[in-house]
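Now for the letters of each chain:
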Amino acid sequence: MHNHDLTDDEQELAGLVREFADQVVAPRSYEADRTHTLPLDVVAQMGELGLFGLPFPEEFGGQGGDYFALCLAIEALGRVDQSLAITLEAGVSLGAMPIFRFGTDAQKAELLPDLLAGTALAGFGLTEPEAGSDAGATRTTARLEDGEWVINGSKQFITNSGTDITRFVTVTAVTGETDRGKEISTIIVPSGTPGFTVEPAYDKVGWHASDTHPLTFQDARVPEGNLLGERGRGFANFLHILDEGRIAIAALSTGAAEGCLEAAVDYAKKRTVFGEQLSTRQSIQFMLARMQLRVHNARLAWHHAARLRDAGKSFKVEAAIAKLTASDAAMDNARDATQIFGGNGFMNEYPVARHYRDSKILEIGEGTSEVQLLVISRALGL
Ligand SMILES: Cc1cc2nc3c(=O)[nH]c(=O)nc-3n(C[C@H](O)[C@H](O)[C@H](O)COP(=O)(O)OP(=O)(O)OC[C@H]3O[C@@H](n4cnc5c(N)ncnc54)[C@H](O)[C@@H]3O)c2cc1C
């Protein structure tokens with residue numbers, strides 16, 4: 001459907017990434033999913049297209065675009081392959097963005113160019129076994145000793161933390177106590193730091209080609225200068241990064257919801273049941289119409305939140321609404337598309353089956369649906 005909300009440049013970008021997704025990404029998706037492998041050569045091509053640099057200024061090797069542009073690219077990838085889309089989303093909004101936003105000039109100059117070129121990835125480690133939705137419950141500690149941070153603890157479910165091109169992870173850690181409780185800071189830990197172990201990858205329900213690991217830290221030492229942003233501001237900084245990331249997850253979800261819709265329309269037109277095309281049944285037509293409705297609402301919701309963000313306005317609640325609306329749309333459309341495909345919908349060779357497994361995490365990662373409802377409730381003064 002033509003999107004009148006987009007400028008000519010945005011339309012062109014969306015079309016370009018869509019074509020790349022269909023021609024380069026899609027033919028690799030089944031095998032990457034089956035073998036649980038992130039195709040790094042495809043990531044490299046995404047880098048060459050400039051996708052990892054979209055929302056950053058040119059002085060660091062970025063494309064000089066905005067967050068909206070990044071989300072357009074993520075949506076176009078998410079329609080075809082959620083694993084590659086989340087690799088881009090996490091690479092930018094969890095890997096590069098914290099450095100861009102909170103890093104010193106030296107940190108930016110050293111770390112950003114490769115991340116923006118897509119030749120390096122970075123992870124962001126917030127979640128711990130005892131601290132997920134309640135992210136402030138962080139137990140990982142970092143104490144200063146002889147000009148070094150000594151880090152102890154563990155993180156779980158960290159995206160992009162263990163690929164061959166992962167350069168570092170940024171972690172939240174308790175660096176002291178204040179009258180208001182824990183002092184939480186963020187620290188950059190390079191891959192290969194002694195005492196920092198990237199544990200074997202998870203056996204996940206979906207997002208098989210996306211890289212996710214538990215991390216452990218046993219007296220891992222990094223220079224004091226690896227502190228990212230102000231000491232004690234780690235938690236607040238992180239919340240801001242997560243708000244923004246929710247818009248990107250909403251865009252990814254919109255793409256997934258649309259991928260399911262397109263596949264289901266196509267299948268319903270081709271499949272004959274009881275001597276007639278499946279698509280002639282009104283119950284199926286209405287199911288598809290509802291799927292279109294969800295895509296439409298999801299897209300409007302993330303467009304709105306992203307435009308607010310890019311205009312420098314407050315977007316916290318709109319991002320929560322977008323994330324909730326779009327992740328539900330993806331999950332509902334994946335379920336309905338799978339139903340329309342019948343038994344074939346349960347076969348991994350059909351992309352709708354992959355969307356069915358992949359979409360559930362959209363309702364969990366970067367703030368669960370319940371956490372989005374908490375944000376919305378608070379804005380109602382509850
Ligand atoms: C594939 C994958 C990739 C991920 N990538 C990253 C990453 O790169 N970096 C990172 O830091 N984390 C990452 N995560 C972690 C993810 O963000 C957390 O799993 C998520 O925030 C939920 O935390 P939790 O798993 O501890 O669940 P919990 O917080 O234990 O929640 C369990 C249930 O309780 C509900 N709940 C919690 N609090 C409330 C409340 N106050 N009221 C009502 N219900 C509530 C939740 O909504 C959920 O349904 C990833 C997770 C996965 C699975």
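Residues numbered from 1 in each chain as written. Predicted model: local features only at pLDDT ≥ 70, side-chain atom pairs only at ≥ 80, totals over all residues. Heavy atoms only, no water.

1. Quick notes on the packing of helix α1 (residues 8-34) against helix α3 (residues 67-78)
When two helices pack together, their arrangement is given by the angle between the helix axes and by the axis-to-axis distance.
Moving on, step 1. Packing of α1 against α3 brings their axes to within 8 Å, and their N-to-C directions diverge by 30°. Here α3 runs roughly parallel to α1, going by the angle between their axes. Between α1 and α3 lies a crossing of right-handed hand. Mapping the contact onto sequence places Glu10, Leu13, Ala14, Val17, Arg18, Phe20, Ala21 and Val25 in α1 and Phe68, Ala69, Leu72, Ala73, Ala76 and Leu77 in α3.
Moving on, step 2. Of the residues in the contact of α1 with α3, the class split is 12 nonpolar, no polar and 2 charged. (Axes fitted to C-alpha atoms, helices over the stretch in contact; angles between N-to-C directions. Helix = DSSP H or I, 4+ residues; strand = E, 2+ residues; numbered from the N terminus. Parallel < 35°, antiparallel > 145°, perpendicular 65-115°, else oblique. Left-handed = near helix turned anticlockwise from the far one by under 90°. Contact = heavy atoms within 4.5 Å. Nonpolar A, V, L, I, M, F, W, Y, C, P; charged D, E, K, R; others polar.)

2. Quick look at the pattern of salt bridges
Moving on, step 1. Scanning the entire structure with this criterion turns up 27 salt bridges.
Moving on, step 2. Note that Arg299 and Glu75 form a salt bridge whose closest N and O atoms lie 2.6 Å from each other. Here the residue Arg299 occupies a position in helix α7 (residues 282-310), and Glu75 occupies one in helix α3, the gap between them amounting to 224 residues. As far as burial versus exposure is concerned, Arg299 and Glu75 are alike and both buried.
Moving on, step 3. Between Arg309 and Glu244 there is a salt bridge, with its nearest N and O atoms 3.0 Å apart. Of this pair, Arg309 sits in helix α7 while Glu244 sits in helix α6 (residues 234-270), placing them 65 residues apart in sequence. Both residues of the pair, Arg309 and Glu244, belong to the buried class.
Moving on, step 4. Connected through salt bridges with shared partners, the residues Arg18, Asp22, Glu75, Arg79, Glu258, Glu262 and Arg299 form a single ionic network. (Salt bridge = Lys/Arg side-chain N within 4 Å of Asp/Glu carboxyl O. Buried < 20%, exposed > 50% of the residue type's maximum accessible area, 1.4 Å probe, protein only.)

3. Observations concerning α1
Moving on, step 1. With 27 residues, α1 extends 38 Å between its outermost C-alpha atoms, agreeing within 8% with the 39 Å of an ideal straight helix rising 1.5 Å per residue.
Moving on, step 2. Largest kink in α1: about 50°, centred on Val25, with the proline Pro27 one to four residues after it.
Moving on, step 3. Three or more residues of α1 are buried, namely Glu10, Leu13, Ala14, Val17, Phe20, Ala21, Val25, Ser29, Ala32 and Asp33.
Moving on, step 4. For α1, the secondary structure elements touched by its buried residues are α2 (40-48), α3, α4 (82-102), α7 and α9 (351-359). (Expected span 1.5 Å × (residues − 1). Bend = angle between axes of the 7 residues up to and from the residue.)

4. Observations concerning the domain arrangement of the protein chain
Moving on, step 1. Considered domain by domain, the protein chain is made up of domain 1 (8-121), domain 2 (122-232) and domain 3 (236-379).
Moving on, step 2. Inter-centroid distance (C-alpha atoms) of domain 1 to domain 2 is 23 Å.
Moving on, step 3. Taken together, the contacts link 28 residues of domain 1 with 23 residues of domain 2.
Moving on, step 4. In this assembly, domain 1 packs against domain 2 so that about 2,100 Å² is buried in total across both faces, 62% of it on carbon and sulfur atoms.
Moving on, step 5. Put simply, domain 1 and domain 2 have 1 salt bridge between them.
Moving on, step 6. Measuring nitrogen to oxygen at the nearest pair gives 2.9 Å for the salt bridge that ties Arg167 to Asp114.
Moving on, step 7. Listing elements by their share of the side of domain 1 that touches domain 2, those giving two or more residues are α1, α2, α4 and α5 (105-117).
Moving on, step 8. Among the residues forming the side of domain 1 that touches domain 2, the class breakdown is 15 nonpolar, 11 polar and 2 charged. (Domains from an automatic or database assignment. Buried area = accessible area lost by both parts, 1.4 Å probe.)

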